[in-house]
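# Architecture at a glance
So the chains spell out like this:
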Amino acid sequence: MLPLLLLGQVCVAEVTDQTAKFNVAAGFKLEKIYDVKKEEGSWVALTEDGKGRLIAADQYGKLYRVKPAPLTGGETKVEALDIPVGGAHGLLWHEGMLYIVVNEKGKEFPVESGVWMVKETADGWEAPKLAIPVKAGGEHGVHSVVLSPDKQWIYLVTGNFTALPAVTDSFPAKIWDEDQLLPRNPDGNGHAANIFAPGGWIARFKPDGTSLQLVSMGQRNTYDVAFHQSGELFSYDADMEWDFGMPWYRPTRIMHVVPGAEMGWRNGTGKWPEYYEDSIAPVLNIGPGSPVGLLSGKGFKAPAKYQHAIYAFDWTFATIYAVHLTPKGASFDATKEELVAGAGLPLTDGIITKDGTMYFATGGRRTSSALWRVTYTGAEPTAPAPGNFPKNADRDKLAGYTIDPKTANIEEIWKLLGSEERTLRFMAKAALERLPDTSWSVKLKTEQNVSRMIAASIALARIDAKTNRDLILGALHRIEWAVIPTHQKINWLRAAGLVFMRSGEPTDAEKAKLLAKIDASYPSTERFLNYELARMLCYLQAPGVVARTLEIMDKEPAPEPEPWAELISRNGRYGGDISRMMEDHPPTAQIHYLYCLRAVKGPWKEGERQRVFAWFREVEKSKGGNSFGKFMIRIREQVYENGTAEEKRIFAADAKAPAQNLMADLPNIAGPGKAWTVDEVVKLAESGLEGRDKKKGENMYRASLCAACHRFGALGGSQGPDLSNLAGRFSVKDIAEAIIEPSKVISDQYGFHAITTNDGKMTVGKILEEKDEVLIIANNPFDYAQKVEVKRSDIKENKLSDVSPMPAGMINRMNPEELKDLLAYLLGK
């Protein structure tokens, strides 16, 4: 066993030029300046101290001080820090104080998660202080801290598994909800099934650790934020890869974080379309990936356009994007350029130091880690270029009113509510929602500007739809539907829907009036308008909606090819899974219409259910993300459940898709086996895996029950991580540890909950759904169809289990040759 690095012991490493091995933008040089030792962990966060040295964090362990090799040559020096806090996802050095975002609670550092502060003095480190406790953990926990340009605030970034602590103020008014017109289906594999708004959030606090204020909400798993040279804040939010091919899939994206921003993440099928008026639109959609670091180019010793960029780091597809932002009204347009890219760079975090050099780390999830450097060696000028980005007066006024409602000018807010710019309309709505009363609502009675009428209706519905129902619906009905443009029709439908979501179903009279206004518009010639008309008309049980929807489905063209081919080639296994989906892409639009039709109660007209179930059979031939099959199973079941008794009798055979029994007809394991250790598995692999029989490897994959829970290519279940992407990302030792010691690291996407009820009984399982204050829990890791129910009112404690649902030692029946076949199969040998 390697000895642990002793405190004060210094490790050194020489610099190697890596520019030719990767795709590096013209004029830039890439160097590896340090290979992180195994005992130093896997580095995921960087900051610069007051003397130009770096501080790095091991995801599950210590903090390290790094003195990078000089640009003129030399060695990088690393030493462990004597700070009794670790497991950090984020670091910030400011005025002699080190801020440590602790997320991973471990045996070595059993400290509470949240933001810790520790000051360095001439005599060493003072005792750390927990400034902001945050209940978090796992890969969707509490992540990073970033200093504001005026140095008055520190911004804290979290994922959607992070509980919102008590805040002194909230820029998004505390009126958030799920806001689903049709019943939302949770993720088929139970991911985030009991996570509701606000989801992931960004907050800010004073450097002394006080005055925690909520800035934005509705993120999925934003790891980092950055202030552009304009002073505006941006985030890089994650996609949900299990949603590939589904209409609710949202790619990784760059977001403009204005005060009070709502990004629209909701669990399962509930993610808001990016065109919803009550959310912020993305500045740039990037595609699949795993967002990690984001940093401003300010101070980068490079040409001006690179100083003005922000840099987005993708862990999965090994790419640093230079995102070039151009002001456009109150927000920005954006383009992306690859600064550094190439297989074998699992990026985690980066920093631009005071001398203008970019450093970044690779690693994460206990994988091999390294420290790198990017410098500009071209001929263009690199003098500091402030950029002189123009301020937007309307945006700045609305931001001020949202932050401090006491300063609000209602007339100015009302005027900007009718802006042609969506960002300003959103910010005006956010400012209205922060006011102490709704006296402004009287303006809605006589308002004639359509954008203002719709935006005010959305705000009022969110604040108090029950009291203001007649006022809102009256205003919406004064709008001449036939003549307004498509985007306003979509916004009108959202506003009307919010009234019913927030205050109850329409009366017969309200329903008739609504149908008289919009029913004849369906189908339209605009896809997203059809999406929202289908949603509303199915909710209203509109006559003939099934036939019209089927007509659209028959005519809907195949999905446009995704522009991701080159990107996904950088991660052969993970990218290969996406590539197979793209080759047989699910018909996304048709899935949306099936999702809407499941809400329409029977009886349907003759032939309509036959056609809908035929569409299910067609869709289910496609390949999608990890939850695709289970999403489709549930939608199919709901179409059946909404039939009459006679329809259920006729279509009983169509209620469920043909099941794939992954536990049937399992191949034999010859044995004799043994209690394998990690070192023995590594040694066995080192004896050679090339040239093994692929079919034998697949048989061992099935026989050891791996396929019961894990997909590999087209084979396997979806309860556990997809193993298609193991090669190139994980070593044999990593794989052996995961098999032999599965509880050592448990991803929050797959872990089970341990739920103790008031009578002392414990239920351990995957929370699939919460319905009517009842948790629906799968308690068999091999079969999520086996479920139990627990009333929320009966729960005494609900926590993530520290025992993996995967049993340990599932390879222990295998003899050495059988185990080599399995390893070769997993590693593509």
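To start, this report covers the structure provided alongside it.

Procedures and definitions
- Residues numbered from 1 in each chain as written.
- Predicted model: local features only at pLDDT ≥ 70, side-chain atom pairs only at ≥ 80, totals over all residues.
- Heavy atoms only, no water.
- Core = buried A, V, L, I, M, F, W, Y, C linked by side-chain atoms within 4.5 Å.
- Buried < 20%, exposed > 50% of the residue type's maximum accessible area, 1.4 Å probe, protein only.
- Helix = DSSP H or I, 4+ residues; strand = E, 2+ residues; numbered from the N terminus.
- Contact = heavy atoms within 4.5 Å.
- Salt bridge = Lys/Arg side-chain N within 4 Å of Asp/Glu carboxyl O.
- Polar contact = N/O pair within 3.5 Å; in protein donor to acceptor, adjacent residues only side chain to side chain.
- Pairing = 2+ DSSP bridges.
- Axes fitted to C-alpha atoms, helices over the stretch in contact; angles between N-to-C directions.
- Phe/Tyr/Trp six-rings, centres within 6.5 Å; stacked < 30°, edge-to-face > 60°.

### Quick notes on the nonpolar core
Grouped together as the largest cluster of nonpolar side chains are 107 residues, with contacts concentrated most on Trp-492, Met-536, Leu-594 and Met-632. The biggest single contributor to this core is helix H5 (residues 450-478), with 13 residues. Residues within four places of Leu-594 in sequence aside, it is in contact with Met-553, Val-612, Trp-615, Phe-616, Val-619, Met-632, Ile-635 and Val-639.

### Here we look at the pattern of salt bridges
Working definition: two side chains of opposite charge can pair if their charged atoms are close together. The tally for this structure, following the rule as stated, stands at 44 salt bridges. Of the charged contacts in the structure, one is a salt bridge between Lys-29 and Glu-31, with a shortest N-O distance of 3.6 Å. On the basis of relative accessible area, Lys-29 is assigned to the partly exposed category, the value being 27%. Residue class for Glu-31 comes out buried when judged on its relative accessible area of 8%. Arg-373 serves as the salt-bridge partner of Glu-31, at 3.0 Å between the closest nitrogen and oxygen. Linking Glu-31 in strand S4 (residues 28-35) with Arg-373 in strand S30 (residues 370-376), this pair joins segments that are 342 residues apart in sequence. By the burial criterion, Glu-31 is buried, and Arg-373 matches it.

### Considering the environment of Ser-801
With respect to the helices, strands and loops of the structure, Ser-801 is situated in the loop between strand S35 (795-800) and helix H20 (816-826). Look at Ser-801 and you get buried, because its relative accessible area is 13%. Ser-801 has contacts with Ile-746, Phe-752, His-753, Ala-754 and Val-764, leaving out every residue within four places of it along the chain. At a separation of 3.1 Å, a polar atom in the side chain of Ser-801 contacts the main-chain amide nitrogen of Val-803.

### Things to note about the sheet that holds strand S3 (residues 23-24)
The sheet built from five strands is open, its strands ordered S3-S27-S26-S25-S24 with antiparallel pairing. Sheet topology places S3 and strand S24 (291-296) at the edges, where each strand pairs with a single neighbour. Sheet topology note: the strand S25 (residues 310-314)/strand S26 (residues 319-328) ladder contains five bridges and is antiparallel. Following the sheet pairing, Ala-312 is matched in S26 by Tyr-321.

### Here's the deal with the sheet that holds strand S20 (residues 233-237)
As summarised here, the arrangement of the four strands in space is S19-S20-S21-S23, forming an open sheet in which the pairing is antiparallel. Lying at the two open borders of the sheet, with one neighbouring strand each, are strand S19 (225-227) and strand S23 (282-287). Averaged over all neighbouring strand pairs, the angle between strand axes comes to 20 degrees, with direction disregarded. Pairing of S20 with strand S21 (residues 252-256), which is carried by four bridges, proceeds in the antiparallel orientation. Bridge pairing links Asp-237 to Arg-253 in S21.

### Here we look at the packing of aromatic side chains
Inspection of every chain in the model, using the stated rule, returns 28 aromatic pairs. Taking 6.4 Å as the distance between ring centres and 50 degrees as the angle between the ring planes, the aromatic pair formed by Tyr-99 and Phe-205 counts as tilted. On the criterion of sequence distance, the pair formed by Tyr-99 in strand S10 (residues 97-102) and Phe-205 in strand S17 (residues 200-205) is long-range, its members being 106 residues apart. With respect to burial, Tyr-99 and Phe-205 carry one shared label: buried. Relative to Phe-227, the ring of Tyr-155 lies with its centre 5.2 Å away and its plane at 80 degrees, an arrangement referred to as edge-to-face. With Tyr-155 in strand S15 (residues 154-158) and Phe-227 in strand S19, this pair connects stretches of sequence that are 72 residues apart. Overall, Tyr-155 belongs to the buried group, its relative accessible area being 8%.

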